[in-house]
Amino acid sequence: MAAVPVTCVRLTTSMHTNQIIGKPSTLKLVSFGRATSGLSRLSRFQISCAAKPETVTKVCEIVKTQLALSADSVVEPDSKFSALGADSLDTVEIVMTLEEEFGISVEEENSQNITTVQEAADLIEKLVEKKNATA
């Protein structure tokens, strides 16, 4: 069994997604199976640590500014850049602004995989943590 310190966790199964947001705690990962007609069937969960709410909020603000969205436009963690009207150049500019704002460097292959606000925030958290670990 593994223990992981978390602030926000998204649990995903093939049927639905649950997001748990709360105070820092420890998440324990367990595997379990269910016997069906003599066969063991494992249920699998995809567990990923989501970015801090303040990081997501900052990314939302940057995206709204870069895309010149109106003040009443809603930008949420699952908002896709393309759905907000961003083209590939806009996405590059968003990533460059995020790099400046958070003092990080995003590799090209990582930047091509960013399609939502949440993905950007998650990557930022990962890169900031990596940067702080080497400092």
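Conventions adopted
- Residues numbered from 1 in each chain as written.
- Predicted model: local features only at pLDDT ≥ 70, side-chain atom pairs only at ≥ 80, totals over all residues.
- Heavy atoms only, no water.
- Helix = DSSP H or I, 4+ residues; strand = E, 2+ residues; numbered from the N terminus.
- Buried < 20%, exposed > 50% of the residue type's maximum accessible area, 1.4 Å probe, protein only.
- Contact = heavy atoms within 4.5 Å.
- Salt bridge = Lys/Arg side-chain N within 4 Å of Asp/Glu carboxyl O.
- Core = buried A, V, L, I, M, F, W, Y, C linked by side-chain atoms within 4.5 Å.
- Axes fitted to C-alpha atoms, helices over the stretch in contact; angles between N-to-C directions.
- Parallel < 35°, antiparallel > 145°, perpendicular 65-115°, else oblique.
- Left-handed = near helix turned anticlockwise from the far one by under 90°.
- Nonpolar A, V, L, I, M, F, W, Y, C, P; charged D, E, K, R; others polar.
- Patch = residues over 30% accessible without salt bridge, like charges linked within 9 Å, V, L, I, M, F, W, Y side chains within 5 Å.
- Areas by Shrake-Rupley, 256 points an atom, 1.4 Å probe, with all protein chains shown as cover.
- Polar contact = N/O pair within 3.5 Å; in protein donor to acceptor, adjacent residues only side chain to side chain.

1. A short note on the side chain of Ser79
Relative to the elements of secondary structure, Ser79 occurs in the loop between helix 1 (53-66) and helix 2 (88-102). Of the residues examined, Ser79 reaches a relative accessible area of 11% and is grouped as buried. Apart from residues lying up to four places away in sequence, Ser79 is in contact with Val74, Leu84, Thr115, Thr116 and Val117.

2. Details of the environment of Pro77
Residue placement: Pro77 occurs in the loop between helix 1 and helix 2. When the C-alpha atoms of Pro77 and Val59 are compared, they prove to be 8.8 Å apart, with 18 residues separating the residues in sequence.

3. Quick word on unusual backbone geometry
Phi at Ala68 takes a positive value of approximately 50 degrees, unusual for a residue other than glycine. Its location among the elements puts Ala68 in the loop between helix 1 and helix 2.

4. Observations concerning the pattern of salt bridges
For the structure shown, the criterion picks out 1 salt bridge. The partner of Lys58 in a salt bridge is Glu101, and the shortest N-O contact between them spans 3.5 Å. Placement of Lys58 in helix 1 and of Glu101 in helix 2 is noted, with a sequence separation of 43 residues between them. Of the residues examined, Lys58 reaches a relative accessible area of 28% and is grouped as partly exposed.

5. Thoughts on the nonpolar core
The biggest cluster of nonpolar side chains holds 22 residues, and the ones touching the most others in it are Val59, Val63, Phe81, Leu98 and Val117. Secondary structure elements with two or more residues in this core: helix 1, helix 2 and helix 4 (117-134). The leading source of residues in this core is helix 4, at 6 residues. If sequence neighbours within four positions are ignored, Val117 has contacts with Val56, Val59, Cys60, Val63, Val75, Glu76, Pro77, Ser79 and Phe81.

6. Remarks on the packing of helix 1 against helix 2
Closest axis-to-axis distance for the helix 1/helix 2 pair is 10 Å, and the angle between their directions is 135 degrees. In terms of their interaxial angle, helix 1 and helix 2 are classed as oblique. Where helix 1 crosses over helix 2, the handedness of that crossing is right-handed. Contact with helix 1, carried on its side by Thr55, Lys58, Val59, Ile62, Val63 and Gln66, involves Glu93, Ile94, Thr97, Leu98, Glu101 and Phe102 of helix 2 and no other residues of that element. Split by residue class, the contact of helix 1 with helix 2 holds 6 nonpolar, 3 polar and 3 charged.

7. Quick look at a nonpolar patch on the surface
There is a patch of nonpolar side chains on the surface, built from Leu89, Val92 and Met96 and spanning about 280 Å² of accessible area. Structurally, Met96 can be placed in helix 2.

8. Examining the side chain of Ser111
Of note, Ser111 is situated in helix 3 (residues 108-111). A polar contact is formed between the side chain of Ser111 and the backbone oxygen of Glu108, at a distance of 2.8 Å.

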